[in-house]
Each structure stands twice: as structure tokens, then as C-alpha cells.
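What the coordinates show
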Amino acid sequence: MTGDVQQIGKDLEFVRNAVSRRARPDLGPPLIFYLWAVYVIVGYSLFDLKPEYANSFLGIGGMVGGVLSWVIGRRYSHKTGQWDRALAIRGALHMGGGIMLGVGFIIALSSVSPGFRPYTGQVMVGFVGLTYFLWGVHFHRYFMLLGPVVMAGGAVVGMVPHFGWTALGVVISLGLILPTFFAPRHGRGAGEVA
Amino acid sequence: MANDRAQETIQPPPGLEQLDPLLQHRSRLGALVLLTSTEALTFTRLKVLLEETDGNLGAQLRKLEDAGYVAVKKAFVDRKPTSWYSLTPAGQKALKIHLKAIEGLIRSANV
């Protein structure tokens, strides 16, 4: 009887090790981070260089980026051999929800207080930072650091007389690219023949 | 009185009968547990996570498939044949019963 229990204990240890190998934090496909880094640096620079195109680029580019992120994520999960639709939907709703909440807030506040309009970009950056921070809480801890940096950037960008948005874009882009060099990723080279 | 005591001693501990013989192999148990927390895993991913050989894992997964505990879907990823395994409702139920039985067994062992 004790022997049986000891064997069960060993088997459960084996299962626990397998589950912990699966649970190792995974940043995801680096390509998604590069995509959003380019989007941020181009979009934010437009505020300084061609402000009339900035909102259109960020709006349309954001939607295209979302679709591309989904496609890249799906390809990555096929490559790594781990498909979790619920997690993908949770991630998409989390990021999309945070951004939509920001857009909704800005539209609502702009309609009741026109004096708020010059600050909409900064408030949106604040929402992006908050979304990053919450992404860090729920998905990858690195974003708990990047989120407050983005929020602080959104707060001070209006005080910078020249190329403040470009500088903020560079900072956020670097923040997005940085973890791709250090964070562990599972399933590297897990190409399958089975 | 002595007879009663003898009967008491040979009584199986709670949960023992509910242990699923198919899940008494650690790789099969491990595969089912891993599949509970994700929609699907490929053969290679399971192999990496369970640290098993192709032959052994293939044989164990076939037993689970035959019992209707896992479903397998063949697909091509980057022109390579890929087997995606997912947990069936029967597998989910069996795992739940098995884990409950293990819990009961460990509780009764008093070690």
C-alpha cells in the first residue's frame, strides 16, 4: 500500500515537472513586437512631422496590426505545437479592450469638453501604458515595467518643445524590442514529423 | 469479531477501485493533464514536455486514442505532417475520476 502511494507520488512528480516545463513564461513571437515597434515609431513621429496623417495612420494601422498579430500568433502556435484559442482570444480582448476603452473615453470626453482635444494623444498614450501594465499583470511581467514608462511618457510628452512624440516613439519601440533579446521562448526549432 | 476485523483489513482503501488502469502510466496521465490546460498540443510538443521517446509516447497516445480519451487531428505545418492531440469529454471525465481516486488513496494511506 505504502509502495503504491510512493509510486503514485513519483508519477505525480513526473506530471508536475511536465506541467512546470509547459508553464515557463513565454514572450511569444518576436515578429509581433517588431511590428508594433515600427507602428509606434512611425505613428508617433507623424505627430511631429505630418500631424494631419498621424491619427489615420494610428487608427488604420492599429486595426491592420491587430489582424497581423493574430496571424503571426497563430503561425507561432503552429510552429511551437501548442494551440490555445482561449488564451489567444483573452489576449486579443485584453489589448483590444484596453485600446477601445481609451478611444471611447477620449470620444466621450471630447464631445462634452472641446478644450480637452489637444490632450487626446497624451491621454491615449496613458491608456496604452495602462493596458501594457495590465498585460504585464496577466501575461508577461516585463510589461509591468514598460506600462508605467509609457504612462509617464504620455504625461511629459506635451512639455517637450521639439520632437517629443518622436522621442516617445523611440523609447516605446525600444521598450517593445528589448525583451525579444532576453525573454525565453518555448518550442524553438520544434518542427514536427509525427 | 475476529472475522469482522479480517474483513476490515482486506477492505480496499477508498478510491482504489476508481483508479483508471489506463491512467496508471505516468506518460498517459501526464499527457492528459497537459491537454486539460490547452486546446491542442502536437506530438512533438508533448514529447518535449514529457521528455519521452517517439516510440514510447506514440504507443501511449495510441492507447489513449483507442480508449477515446484523446482525439488526434493530422495537419500539415510548413509542409511537415503534424499530429494535434486534444482532450475529449470522455478523457476529461476519466481524468477527473482518476485524480479524485488518487486523492482518496493518498488520504487513506496516512504516510
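Residues numbered from 1 in each chain as written. Chains lettered and ligands numbered in written order. Predicted model: local features only at pLDDT ≥ 70, side-chain atom pairs only at ≥ 80, totals over all residues.

Comments concerning the overall build of chain B
Helix and strand content of chain B: five helices and three strands. In chain B, the succession of α and β elements from N to C terminus is α-α-β-α-α-β-β-α. Within chain B, the fraction of its 111 residues that count as buried is 35%. Considering only intrachain contacts with a sequence separation of at least 6, the fraction spanning at least 24 residues in chain B is 61%. (Helix = DSSP H or I, 4+ residues; strand = E, 2+ residues; numbered from the N terminus. Buried ≥ 20, exposed ≤ 12 C-beta atoms within 10 Å, placed from the backbone. Contact = placed C-beta atoms within 7 Å.)

Here's the deal with the overall build of chain A
Looking only at helices and strands, chain A has seven helices and one strand in total. Element order for chain A, N to C, with α for helix and β for strand: α-α-α-β-α-α-α-α. The globule rule puts the C-alpha radius of gyration for 194 residues at 16 Å, and the 21 Å found for chain A is more than 25% above it. Dimensions along the principal axes, computed over C-alpha positions, put chain A at roughly 75 × 35 × 25 Å. Evaluated residue by residue, chain A yields a buried proportion of 24% over its 194 residues. Sequence-distant contacts in chain A: of pairs separated by 6 or more residues, those separated by 24 or more amount to 65%. (Rg over C-alpha atoms; globule rule 2.2 N^0.38 Å.)

Some details on the confidence of the model for chain A
Residue and element names in this part refer to chain A. Scored by pLDDT, chain A has a mean of 87; 91% of the residues are at 70 or more. Helix H2 (residues 30-49) holds the highest mean pLDDT among the elements of chain A, 95, whereas helix H1 (residues 2-22) holds the lowest, 83. Across residues 187-194, confidence stays below pLDDT 50; counting only partners more than four residues off in sequence or on other chains, it has 27 contacts. (pLDDT = per-residue confidence, 0-100.)

Some words on the sheet that holds strand S1 (residues 82-83) of chain A
With antiparallel pairing, four strands are arranged side by side in an open sheet as S1(A)-S1(B)-S3(B)-S2(B). The two strands at the open ends of the sheet, each matched to only one other strand, are S1 of chain A together with strand S2 (70-77) of chain B. Sheet topology places S2(B) next to strand S3 (residues 80-87) of chain B; eight bridges connect them, and they run antiparallel. Directly across from B:Val70, in S3(B), lies its bridge partner B:Leu87. (Pairing = 2+ DSSP bridges.)

Observations regarding helix H7 (residues 164-182) of chain A
In this model, H7(A) (19 residues) spans 28 Å end to end at C-alpha, consistent with the 27 Å of a helix rising 1.5 Å per residue. The inward-facing, buried residues of H7(A) abut H2 and helix H6 (143-156) of chain A. (Expected span 1.5 Å × (residues − 1).)

A word on the environment of B:Gln92
All names here are of chain B. Tracing the chain through its elements places Gln92 in helix H5 (residues 89-109). The sequence separation of Gln92 and Val70 amounts to 22 residues, and the corresponding C-alpha distance is 9.0 Å. Excluding residues that lie within four positions of it along the chain, Gln92 makes contacts with Thr36 and Leu87.

A closer look at the interface of chain B and chain A
By a widespread convention, an interface's size corresponds to the accessible area lost as its parts come together. Listed by partner, the interface residues are 27 residues for chain B and 26 residues for chain A. Residue assignment for the side of chain B that touches chain A shows that the elements contributing at least two residues are helix H2 (26-36), strand S1 (40-42), helix H3 (43-50), S3 and H5 of chain B. The element best represented in the side of chain B that touches chain A is H3(B), accounting for six residues. Taken together, the residues that form the side of chain B that touches chain A break down as 16 nonpolar, six polar and five charged. Alignment of S1(A) against S1(B), held across two bridges, turns out to be antiparallel. Looking across to S1(B), one finds that A:Gln82 is bridged to B:Leu41. (Nonpolar A, V, L, I, M, F, W, Y, C, P; charged D, E, K, R; others polar.)

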